[in-house]
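Notes for the structure review
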Amino acid sequence: METQSVLSDLNPAQKEAVTTVEGPLLVFAGAGSGKTRVITHRIAYLLYEIGIPPDNILAVTFTNKAAREMQTRLLRLAPPDREASDRSVFFATYHRFCAWLLRAYGQVVGVQKHFTIFDDADSVHLIRQILKSFNLDSGLYRPAAIAAMIDRAKNDLRSPADLQSQADGPVQKAAAKVFPEYDRRLREMNALDFSDLLVFAVKLLDTSPALLRQMQEKFAYILVDEYQDTNIAQYSLLRKLAAHGNLCVVGDDDQAIYSWRGADIRNILSFEKDFPNARVVKLEENYRSTQGILDIAYQVIRHNRDRADKRLQATRHSGQAPMVYTAADGYDEAAFVARQVRELSSEWAYSDMAVFYRMTAQSRLIEEEFLARAIPYVVVSGVGFYERREVKDLLAYLRVIANPADDAAFTRILNVPKRGIGESTAALLRESARSAGCSQLDILARFDSIDVSPAVKKRLHELHDLLTDLRNSSASLSVEEILRRIVSVTDFFAYLEKTDPAGFDERAANVQELYTVAQEFARRSGGSDQTASVTGFVEELSLLTDADRLDPDADRVSLMTLHAAKGLEFSAVFLIGLEEGSLPHASAFESQSELEEERRLCYVGITRAKDRLFLSHACSRRIYGESRDDIRASRFLEEAGLPEGEPARRVSSDPTGSIRSGGSDRIERMALDEETAAYGVSPGDRIRHPVFGAGVLLRISGRAENATAMVRFDRVGKKRLRLANARLSRLDE
DNA sequence: CCACTGCCGATTTTT
DNA sequence: TCGGCAGTGG
């Protein structure tokens with residue numbers, strides 16, 4: 001009976017993938033072929049048919065979202081009495097798994113228990129400081145570029161010395177020079193960046209054979225999702241853990257789109273070589289898309305040379321043919337998308353539709369058009385909740401509490417809220433810490449011996465007391481209570497009010513939201529050791545992304561980059577900007593392998609569509625403020641055998657004039673700054689202008705008296721106006 | 001410590 | 001075009 005539920009409804013290939021339990025297994029899971037099903041059913045099979053204890057199973061994913069989804073779906077397969085035990089199957093991202101391992105055993109390789117995880121912004125910030133201390137011009141050597149190189153080296157398990165010897169070109173040389181210093185400072189701060197989590201986990205398992213053996217025994221069965229995106233460090237980790245050979249990897253080389261992050265497609269293509277007895281199963285039955293959509297996808301992807309041969313077969317009826325729209329320009333393209341969305345909305349919910357593009361900036365015209373027509377949408381990703389200033393500030397307090405050596409966090413809160421400690425004092429603390437070989441917080445503890453004015457000394461004293469008090473009280477408080485305490489003792493709300501009066505409501509709401517997140521964390525972890533729970537909370541936040549908190553129930557069209565689209569599906573998909581230079585991106589023109597990755601991006605986009613697919617491109621476009629009308633259609637359209645149409649005429653859009661837009665909501669569109677409050681209007685509003693009449697406010701840019709509004713008027717079309725001068729009034733809806 | 005200005009640069013960003 | 005920065009001046 002149980003076999004029934006675990007194996008029923010699986011096709012033969014899926015069944016083979018689920019029941020081939022011993023030995024290495026590579027599952028090529030084409031788009032829409034039931035990949036997640038296979039993984040979850042396989043785990044269920046291991047648990048309920050083979051009788052493997054749940055804590056012997058490790059399932060590795062790339063995103064928290066994927067981990068969560070698998071966990072939920074596994075629970076649905078559980079016999080009623082087994083639910084509880086299923087929870088001890090270890091679902092984790094690589095990074096979370098490594099963080100777990102290092103918290104428990106990291107001391108062996110010099111990682112302190114309460115280490116902090118640096119996010120990209122922290123890293124870049126640190127690198128900027130180092131460049132400065134080396135007198136390297138941060139204009140010439142862009143910190144983000146250096147950070148990327150170092151990150152890449154780590155993901156390749158290359159040491160600073162390796163980078164040094166391979167460095168070619170001035171920027172790489174600079175990166176090679178910064179690398180060891182960057183690492184040194186991280187160690188000093190008891191901090192690890194994202195890739196360090198992997199690097200040190202590998203190092204730990206290398207250093208301690210006993211621990212490795214223990215882990216191999218514990219995780220006797222390992223499953224890996226999205227194997228095509230594995231980088232060298234991750235691969236190395238897997239090889240060590242899965243020396244027993246019970247490794248099941250699931251992936252699709254055609255959907256490898258993260259090589260620029262160090263992912264190496266060869267990991268999946270040479271799995272059979274690396275694990276000699278590997279069984280290979282190909283899932284080529286597609287349950288998602290119509291045949292017409294799959295045909296186009298195949299026509300595109302077959303142009304890649306570096307791929308395993310396979311072709312998806314539709315299990316669904318043929319459906320409506322995909323279409324290409326050749327737009328006069330970007331506005332026309334946006335209008336086309338909006339019109340179609342409106343039309344399709346009689347058949348599908350907005351949340352069944354999505355617009356994909358190559359670059360984040362490409363969302364803008366679509367957003368404006370959707371705002372103008374009151375089409376509800378959500379931009380997936382964008383400025384994340386966890387990147388918001390107020391959230392990072394409060395997080396920095398927690399970081400200092402959990403890890404007093406975290407100088408980066410300390411620097412962040414040193415003068416936040418403003419307490420009259422300026423750059424010169426900050427530099428002094430930095431320097432003293434440097435020469436004394438201790439943390440800046442340690443220096444603060446000895447403020448008496450610091451050579452500063454009495455006034456500054458007093459402020460340092462107060463800061464020290466404040467932090468000491470917080471740290472002491474943290475032992476007996478929940479994370480939420482600690483947060484509330486930080487907010488109250490620093491008078492945080494007053495600080496928000498003062499520095500950003502217009503954005504106050506927004507920011508205050510974010511602080512509230514953070515309380516809620518802390519509450520939920522406490523409920524989940526049911527913690528005992530408080531320091532551990534602060535550490536745990538900070539870790540959780542560091543490893544979360546904004547996508548983890550999007551509300552899936554809201555009825556909105558999703559706007560996202562092609563990278564963000566992987567793993568999702570929609571009834572109707574719009575893939576816009578299919579132009580040479582955009583998709584494929586210009587930077588890929590010179591390289592065969594990069595072009596192939598662009599092609600895979602295109603493929604990923606196409607295969608997200610269940611029923612309707614719209615591909616569009618424009619003949620003329622504004623690029624970096626310059627109008628260009630020599631834009632050529634993407635080669636991928638030609639490869640797909642899709643003729644471009646006659647350039648469409650500019651269509652003047654009919655303003656719908658109705659209700660407030662859907663775009664703006666707390667999480668995703670928080671960019672409405674001071675101006676919104678100052679002038680009482682925000683994007684999406686129906687407004688009236690004394691001369692031009694009624695229209696829709698599309699966008700606000702610039703600040704203070706330079707702030708300009710982009711308005712689409714019903715009668716006279718689009719105009720830019722200075723907010724300070726234009727007397728815009730909001731029309732009630 | 002801030003507000004202003006002028007310059008540069010501009011893919012993608014699972015963690 | 002536009003946003004993020006470093007450098008400047010009050």
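Please refer to the structure placed before this passage.
As the structure is a computational prediction, the values presented were derived from the model and not from experiment.

How two aromatic rings sit relative to each other is set out by the distance from centre to centre and by the angle between their planes. The final tally for this structure, using the stated rule, is 17 aromatic pairs. Ring geometry for phenylalanine 521 and phenylalanine 537: centres 5.4 Å apart, planes at 65 degrees, overall edge-to-face. A residue pair is termed long-range when its members are at least 10 positions apart, and phenylalanine 521 in helix H26 (residues 504–525) and phenylalanine 537 in helix H27 (residues 530–543) qualify at 16 residues. An identical accessibility class is assigned to phenylalanine 521 and phenylalanine 537; each is buried. An aromatic cluster of at least three residues, connected via ring pairs, comprises Phe90, Phe97, Trp100 and Phe219. The ring of phenylalanine 134 carries the charged tip of lysine 177 above its face, separated from the ring centre by 4.8 Å. Note that arginine 484 overlies the ring of tyrosine 515, its terminal NZ or CZ placed 4.0 Å from the centroid.

We now examine the protein's contact with DNA strand C. Inspection of the region around DNA strand C gives Arg128, Ser138, Arg364, Arg622, Tyr624, Gly625, Arg699 and Arg720 as its neighbouring residues. Each atom of DNA strand C within 4 Å of the protein was classed as base or backbone; sugar and phosphate made up 65%. Broken down by class, the residue content of the surface near DNA strand C amounts to one nonpolar, two polar and five charged.

Let us look at unusual backbone geometry. Residue proline 417 is bonded to the preceding valine 416 through a cis peptide linkage, with omega at -5 degrees. Along the chain, the position of proline 417 falls in the loop between helix H20 (407–414) and helix H21 (423–436). The linkage connecting leucine 583 with the following residue, proline 584, adopts the cis geometry, with an omega of 5 degrees. As for its position among the elements, proline 584 is in the loop between strand S15 (570–575) and helix H29 (592–606). Here the phi dihedral of aspartate 9 falls at roughly 70 degrees; this positive angle occurs in a residue that is not glycine. One can find aspartate 9 in the loop between helix H1 (2–7) and helix H2 (12–19). Aspartate 9 gets classed as exposed once you look at its relative accessible area, which sits at 68%.

All right, on to the nonpolar core then. Core analysis: the biggest nonpolar cluster contains 54 residues, and Leu398, Phe410, Leu467, Leu483 and Phe537 have the highest contact counts within it. Ranked by size, the runner-up nonpolar core spans 47 residues in total, among them Ala92, Ile117, Leu211 and Met215.

Its 13 residues place the ends of helix H8 (residues 143–155) 18 Å apart at the C-alpha level, agreeing with the 18 Å of an ideal helix rising 1.5 Å per residue. Lining the buried residues of H8 we find helix H7 (120–133), helix H9 (160–166), helix H10 (170–188), strand S5 (191–193), helix H11 (194–207) and helix H13 (232–241). Positive backbone phi, at 55 degrees, marks leucine 157, one or two positions downstream of H8.

Surveying the vicinity of DNA strand B reveals 28 residues, the closest of which are Asn415, Lys418, Gly422, Thr545 and Thr561. Counted by atom, the contact set of DNA strand B within 4 Å of the protein is 51% sugar and phosphate. A distance of 3.5 Å is found between a base oxygen of DNA strand B and a side-chain nitrogen or oxygen belonging to tryptophan 260. With respect to DNA strand B, the backbone of isoleucine 421 contributes an N or O atom lying 3.0 Å from a phosphate oxygen. Among the residues making up the surface near DNA strand B, the classes are represented as eight nonpolar, 12 polar and eight charged.

For helix H19 (residues 389–402), built from 14 residues, the straight-helix expectation of 20 Å at 1.5 Å per residue is met to within 8% by its first-to-last C-alpha distance of 20 Å. Judged by how many residues are buried, H19 sits mostly within the fold: 13 of 14 residues are covered.

Helix-helix packing: each pair is described by the crossing angle between the helix axes and the interaxial distance. Relative orientation of the contacting elements H7 and H8 amounts to 110 degrees, with a least axis distance of 9 Å. Between H7 and H8, the angle is such that the two are roughly perpendicular. Viewed along their axes, H7 and H8 form a crossing whose handedness is right-handed. Residues Val124, Ile127, Arg128 and Leu131 of H7 lie in contact with H8, whose contacting residues are Pro143, Ala144, Ile146, Ala147 and Ile150. Taken together, the residues of the contact of H7 with H8 sort by class into eight nonpolar, no polar and one charged.

A few words now on the sheet that holds strand S7 (residues 247–251). Strand order in this open sheet of six strands is S3-S2-S6-S7-S1-S8, and the pairing throughout is parallel. Looking at strand neighbours, the two that pair on one side only are strand S3 (90–93) and strand S8 (279–283), the edges of this open sheet. Adjacent strand axes in the sheet meet at a mean angle of 15 degrees, parallel and antiparallel pairs treated alike. Relative to S3, strand S2 (residues 57–61) runs parallel, the two being bridged by four bridges. Bridge assignment links alanine 59 to a residue of S3, and that residue is phenylalanine 91. Contacting S2, S3 and strand S6 (221–224), helix H6 (residues 94–105) crosses the sheet at an angle of about 110 degrees to S3.

With that settled, the discussion passes to the sheet that holds strand S22 (residues 729–730). Taken in spatial order, the five strands make up an open sheet running S21-S20-S19-S18-S22, and their pairing is antiparallel. Because the sheet does not close on itself, it has two edges, and the strands there are strand S21 (717–722) and S22. The pairing of strand S18 (residues 686–689) with S22 spans two bridges and is antiparallel. Considered in S22, the bridge of arginine 688 is made with serine 729.

Within the secondary structure layout, valine 489 lies in helix H24 (residues 479–489). Separated by 431 residues in the primary sequence, valine 489 and leucine 58 place their C-alpha atoms 43 Å from one another. Excluding residues within four positions of it along the chain, valine 489 makes contact with Leu466 and Leu470.

Our focus in this paragraph is the pattern of salt bridges. Once their charged atoms are close, side chains differing in charge can pair, the charge on each being opposite to the other. In this structure the tally under the stated criterion is 47 salt bridges. Between arginine 187 and aspartate 196 there is a salt bridge, with the nearest N and O atoms lying 2.9 Å from each other. Glutamate 569 is paired through a salt bridge with arginine 288; the nearest N and O atoms lie 2.8 Å apart. On the criterion of sequence distance, the pair formed by glutamate 569 in the loop between helix H28 (562–565) and S15 and arginine 288 in the loop between strand S9 (285–286) and helix H16 (291–301) is long-range, its members being 281 residues apart. Taking relative accessible area as the criterion, glutamate 569 reaches 40% and is therefore assigned partly exposed. Several salt bridges share partner residues, and in doing so they unite Lys35, Asp225, Glu226, Asp229 and Lys566 into one network.

Criteria and cut-off values
Residues numbered from 1 in each chain as written. Chains lettered and ligands numbered in written order. Predicted model: local features only at pLDDT ≥ 70, side-chain atom pairs only at ≥ 80, totals over all residues. Heavy atoms only, no water. Phe/Tyr/Trp six-rings, centres within 6.5 Å; stacked < 30°, edge-to-face > 60°. Helix = DSSP H or I, 4+ residues; strand = E, 2+ residues; numbered from the N terminus. Buried < 20%, exposed > 50% of the residue type's maximum accessible area, 1.4 Å probe, protein only. Lys NZ or Arg CZ within 6 Å of the ring centre and 35° of its normal. Near = heavy atom within 4 Å. Nonpolar A, V, L, I, M, F, W, Y, C, P; charged D, E, K, R; others polar. Core = buried A, V, L, I, M, F, W, Y, C linked by side-chain atoms within 4.5 Å. Expected span 1.5 Å × (residues − 1). Contact = heavy atoms within 4.5 Å. Polar contact = N/O pair within 3.5 Å; in protein donor to acceptor, adjacent residues only side chain to side chain. Axes fitted to C-alpha atoms, helices over the stretch in contact; angles between N-to-C directions. Parallel < 35°, antiparallel > 145°, perpendicular 65-115°, else oblique. Left-handed = near helix turned anticlockwise from the far one by under 90°. Pairing = 2+ DSSP bridges. Salt bridge = Lys/Arg side-chain N within 4 Å of Asp/Glu carboxyl O.

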